[in-house]
Amino acid sequence: MADDQATTLWIPTINRAAGPLYLAIADALQADIRSGRLAAGVRLPPQRALAEALGIDFTTVTRAYAEARKRGLVDGKVGQGTYIRQLRAMPARSNSAPSGLVDMSMNLPPRFDDPALTARMWGGIAELEAEEGLDLLLRYQQPGGAERDRAAGTAWLSNRLPSIAPERLLICPGAQGALLAVTSMLAAPGDTVCAEALTYPGFRSVAAHLRLTVAGVAIDDKGLIPEAFEEVCLRRRPKVLYCNPTLNNPTTITLSLERRQALLDIAARHDVAVIEDDAYGALPANPVPPLAALAPAQVYHIAGLAKCLSPALRIAYLAAPDFRTATRLSGVIRATAAMASPLSAAIASRWIEDGTADAVLAAIRAESNARQMVAAQILPQDSLLADPEGFHAWLRLPSAWTRGDFSARLRSAGIGVVASDAFAIGTAPEAVRIGLGAVRNIEHLHQSLGIVADLLVQSPVASGLVV
């Protein structure tokens, strides 16, 4: 009897303006299962009955039920109808330490709580099967990416790089893959390259692998200092300047337009190629123009999707200065990685084309802002360097603490942070980077940052225990 009542009474509440109706029905079904309104074993209304109740065509409901099966929400029984599946509880994937606190050493985009958007992301992936079929899984693509994926990448970057054309854009296997391809093309073993004195560890790894010498360029509270860059150019004659000018990793600093223009002028005078790592460039709502927008013929622009869309895709867009250089880089990609994953590239293109990518970016921005507000409330302002539009923070330590001691004490409490040594070219300051996005939710963030703040005001001796 309970099944019959559920079959008769379940009518989903759907937003008819929020994309395809079949996805809206599947989203409503998923939400009702999560809320407990629909229990395992309950039979759903027949497809024709639901179509009549909602005033829509039968095929829309058929697609909705098929989508629900793809998501593992329902099972169909021949002659008996469609039933809610018995879902097996799975342990949540997280970076939680045994204490229940979180390893904040990883700089991940924060998880957002939006079941409808999550379902939309998976729905776009499922639709690729019908759209592109087996070719997507059993065919190679050209090293620089398919034409459709280049066009999608151009659209994604259009607000930051309005003059970019698909012919200059390459699809790379993540930002690290793009960085390896560009650096190996521009510099040979023994050459000097330069970067901010506090820089992304991935660039240091690439330089070490390619047997390059990295010269650090001094920074201040406004970022990379142009005069210091020119001094390095005069003394060391570097082949490349690598920089991360927007929401710098680790310092969170965004370089001003004036400093960007000064750096480009110096690089042009000294014939230094510029690699712009724009990993976080999509996060600001009103970004400072990228270096590649100010000097397209001078800059190699890398825009990964890991920080603004999904780390799992491992896709980055590489904007080359011109078509000839893009062709050369395509050969380097072939030699180092063969190609980016066509499946990942297709997912990214699908999300960009149907607006899912913009929705995900908006959700990441909102969650990042909420987490930065928590950090600003809990951590001391004289120690904290952060930006409301980013999802990491740079914490300068009081004089009593060394970065090694502080990181070790936090680790013993189940909290992972990254000491400045990982980023420093030369002398490392007493500071740590905290990834606010790795925490599963705001509640855990409060707990974790509370312990960080408590430790800051203690002395190393008082907080230690040796027996």
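Residue indices begin from 1 for each chain and proceed along its sequence in written order. Reporting of local features is limited, given that this is a predicted model, to residues whose pLDDT is at least 70; pairs of side-chain atoms are given and counted only at 80 or more, and all residues count toward the totals for whole chains, interfaces and linings. Only hydrogens and water are removed before side-chain values are computed, so all heavy atoms of the structure are retained for them.

A. Looking closely at the overall build of the protein. Only DSSP runs of H or I covering at least 4 residues are called helices, and only runs of E covering at least 2 are called strands; the numbering of each starts at the N terminus. If you tally the helices and strands in the protein, you get 18 helices and 15 strands. In terms of overall size, the protein behaves like a compact globule, its C-alpha atoms giving a radius of gyration of 25 Å where 467 residues would be expected to give roughly 23 Å. With respect to the principal axes defined by its C-alpha atoms, the protein has extents near 85 × 65 × 35 Å. Each residue is assigned to one of three classes by its accessible area relative to the maximum for its type, calculated with a 1.4 Å probe on protein chains only: buried under 20%, partly exposed between the two thresholds, exposed over 50%. Going through the 467 residues of the protein one by one, you find that 51% of them count as buried. Residue contacts are defined here by distance: any two heavy atoms, one from each residue, within 4.5 Å place the two residues in contact. Of all intrachain contacts in the protein linking residues separated by at least 6 positions in sequence, the fraction that spans at least 24 positions is 73%. The charge count treats Lys and Arg as positive and Asp and Glu as negative. His and the chain ends do not count. Each charge is placed at NZ for Lys, CZ for Arg, CG for Asp and CD for Glu. Seen as two clouds, the 44 positive and the 45 negative side-chain charges of the protein have centres 5 Å apart. For the radius of gyration, the atoms used are the C-alpha atoms, and the globule rule reads 2.2 Å times the number of residues raised to 0.38.

B. Inspection of the confidence of the model for the protein at higher detail. Per-residue confidence for the protein gives a mean pLDDT of 90, with 92% of residues at or over 70. This model gives residues 1-8 a pLDDT under 50, and the stretch forms 11 contacts once residues within four places in sequence are excluded. pLDDT measures the predictor's confidence residue by residue and takes values from 0 up to 100.

C. Local environment of the pattern of salt bridges. By convention in these notes, a salt bridge is any Lys or Arg side-chain nitrogen within 4 Å of a carboxyl oxygen on Asp or Glu. For the structure shown, the criterion picks out 16 salt bridges. Residues Asp 221 and Arg 396 are paired through a salt bridge, measuring 2.7 Å at the closest nitrogen-oxygen approach. Separated by 175 residues along the polypeptide, Asp 221 in the loop between strand 6 (219-220) and strand 7 (223-224) and Arg 396 in strand 13 (residues 392-396) bring together distant segments of the chain. You can call Arg 396 partly exposed: its relative accessible area is 32%. A salt bridge links Glu 430 to Arg 403; its shortest N-O distance comes to 2.9 Å.

D. Fine view of the sheet that holds strand 4 (residues 192-196). Here we have seven strands laid out as an open sheet, ordered 3-11-10-9-8-4-5, and mixed in their pairing. Strands with a single pairing partner mark the edges of an open sheet, and in this sheet they are strand 3 (169-172) and strand 5 (213-217). Neighbouring strand axes in the sheet, compared pairwise and without regard to direction, differ in orientation by 20° on average. Paired strands are those between which DSSP finds at least two bridges. When strand 4 meets strand 8 (residues 240-243), the two strands line up parallel, connected through three bridges. Note on strand 8: the bridge partner recorded for Ala 195 is Tyr 242. Along the sheet, helix 10 (residues 226-236) contacts strand 4, strand 5 and strand 8; its crossing angle with strand 5, the most-contacted strand, is approximately 145°. Axis geometry follows a simple rule: fit a line to the C-alpha atoms, using only the stretch in contact for helices, then measure angles between N-to-C directions, giving values from 0 to 180 degrees.

E. The arrangement of the environment of Glu 52 in detail. Here Glu 52 is to be found in helix 3 (residues 47-54). Using a relative accessible area of 67% as the deciding quantity, one classes Glu 52 as exposed. Residues Glu 52 and Gly 133, 81 residues apart in the sequence, show an inter-C-alpha distance of 32 Å.

F. Inspection of a nonpolar patch on the surface at higher detail. Exposure above 30% relative accessible area and the lack of any salt bridge qualify a residue for a patch; like charges then connect within 9 Å, and the nonpolar side chains Val, Leu, Ile, Met, Phe, Trp and Tyr within 5 Å. Per-residue accessibility takes into account occlusion by the displayed protein chains alone, with areas from the Shrake-Rupley method and a 1.4 Å probe. Among the surface-exposed residues, Leu 134, Leu 137, Leu 138 and Leu 343 lie close enough to one another that they form a single nonpolar patch of about 410 Å² accessible area. Mapped onto the secondary structure, Leu 138 falls in helix 6 (residues 135-138). Taking the relative accessible area as the measure of exposure, Leu 138 reaches 55% and is therefore exposed.

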